[in-house]
Structures are given as structure tokens and as C-alpha cells.
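Next come the chains, spelled out residue by residue.
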Amino acid sequence: QVQLVESGGGLVQAGGSLRLSCAASGRTFSSYAMAWFRQAPGKEREFVAAINWTGGRTYYADSVKGRFTISRDNAKNTVYLRMNSLKPEDTAVYYCTAQLYGGGSANPRSYDYWGQGTQVTVSS
């Protein structure tokens, strides 16, 4: 069992930056690929970024490529999402998720555990 707790969301102006953190419980954090998804009001949950268990491979949605960076610190059981050049269309609840023994995926159904989410609001 893994529990995920996101933090770092908030209100920011367009062009600004935020760093989201996701702290995971348990001693097997390094066995999980990790990802961030987001969901805006009235829209389906969408893939943002993923990272494999070593941190050596990362994947991004086209909409965030070049602006967002996913990283992880296995010693701290934490995954991060650095978001730069934020746009109003990035406004959403951001969710952290874990995939046991996976390499990362854009398919939300392939993930085993989800956090409660953190709100990111970007004003124009």
C-alpha cells in the first residue's frame, strides 16, 4: 500500500512558476514509476508527465513539454513537478500517481495509487 500526498499548489499569475511535491509513504517507493495528471472543471483527467523508477526516463504531454519538469528523489520518497511559464489553461487539480514496477504511462488506468490532488490556478 502506498499513500501519496501532494503539496505546492496555489494561485499564480500567467508566466509564473510553481513546484509541486508528492510525498509517498512506504519503503518501496523506488519500485514505482510516478506520474502527474491533471483535471480541469468539466474535463477528463489528462496526463501531464511521468518518470520511471530510476528517474532516468521522463515523458511529457505535448502541452507542457519544455515548460514542466518531473523529477524524483528516491531517498526522500518524493516526486516533483516544476512548472514554468504557466498559462491560464494549466489551471486544474493536479494529481500524483504511482505505478508499481511500471515504466510510466499516459494511461490513467495503468496506475495503482492516487493522491487527493492539489489545486493550481493560473490567472491571466
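Scroll up for the structure.
Keep in mind that what you see is a predicted model, and the values were worked out from it rather than measured.

**Quick look at the packing of aromatic side chains**
Geometrically, a pair of aromatic rings is defined through the distance of the ring centres and the angle of the planes.
So, point 1. Summed over the entire model, instances satisfying the criterion amount to six aromatic pairs.
So, point 2. Both rings, one in Phe37 and one in Tyr111, keep their centres 5.5 Å apart while their planes meet at 75°; by these two values the pair is edge-to-face. Of this pair, Phe37 sits in strand 4 (residues 32–39) while Tyr111 sits in the loop between strand 9 (92–100) and strand 10 (113–114); the two residues are 74 residues apart in sequence, bridging distant segments of the chain.
So, point 3. Relative accessible area serves as the criterion here: at 7%, Tyr111 is assigned to the buried category.
So, point 4. Between Tyr95 and Trp114, the aromatic rings sit 6.5 Å apart at their centres with planes inclined by 75°, giving edge-to-face as the arrangement. With Tyr95 in strand 9 and Trp114 in strand 10, the pair connects residues that are 19 residues apart, well separated along the chain.
So, point 5. A residue is classified by how much of its surface remains accessible, and Trp114, at 27% relative accessible area, is partly exposed.
So, point 6. Among the aromatic residues, those joined into a ring-pair cluster are Phe37, Phe47, Tyr95, Tyr111 and Trp114.
So, point 7. Looking at Arg45, its charged tip hangs above the ring of Trp114, at a distance of 4.8 Å from the centre.
So, point 8. Here the guanidinium or amino end of Arg72 rests over the ring plane of Phe29, the centre of that ring lying 4.5 Å away.

Conventions adopted
- In every chain, residue numbers begin from 1 and rise along the written sequence.
- Local features in a predicted model are, by the rule used here, given only for residues with pLDDT of at least 70; side-chain atom pairs are given and counted only at 80 or more, and totals for whole chains, interfaces and linings are based on all residues.
- Computation of side-chain values: all heavy atoms of the structure, hydrogens and water removed.
- A pair of aromatic rings is counted whenever rings of Phe, Tyr or Trp (Trp by its six-membered ring) have centres within 6.5 Å, and the orientation is called stacked for planes under 30 degrees apart, edge-to-face for over 60 and tilted otherwise.
- Counting from the N terminus, the helices are the DSSP runs of H or I reaching at least four residues and the strands are the DSSP runs of E reaching at least two.
- For every residue, the accessible area (1.4 Å probe, protein chains only) is compared with the maximum for its type, and the residue is labelled buried under 20%, exposed over 50%, or partly exposed between those bounds.
- A positively charged side chain is recorded as over a ring if its NZ (Lys) or CZ (Arg) lies within 6 Å of the ring centre. The angle to the ring normal must also be within 35 degrees.

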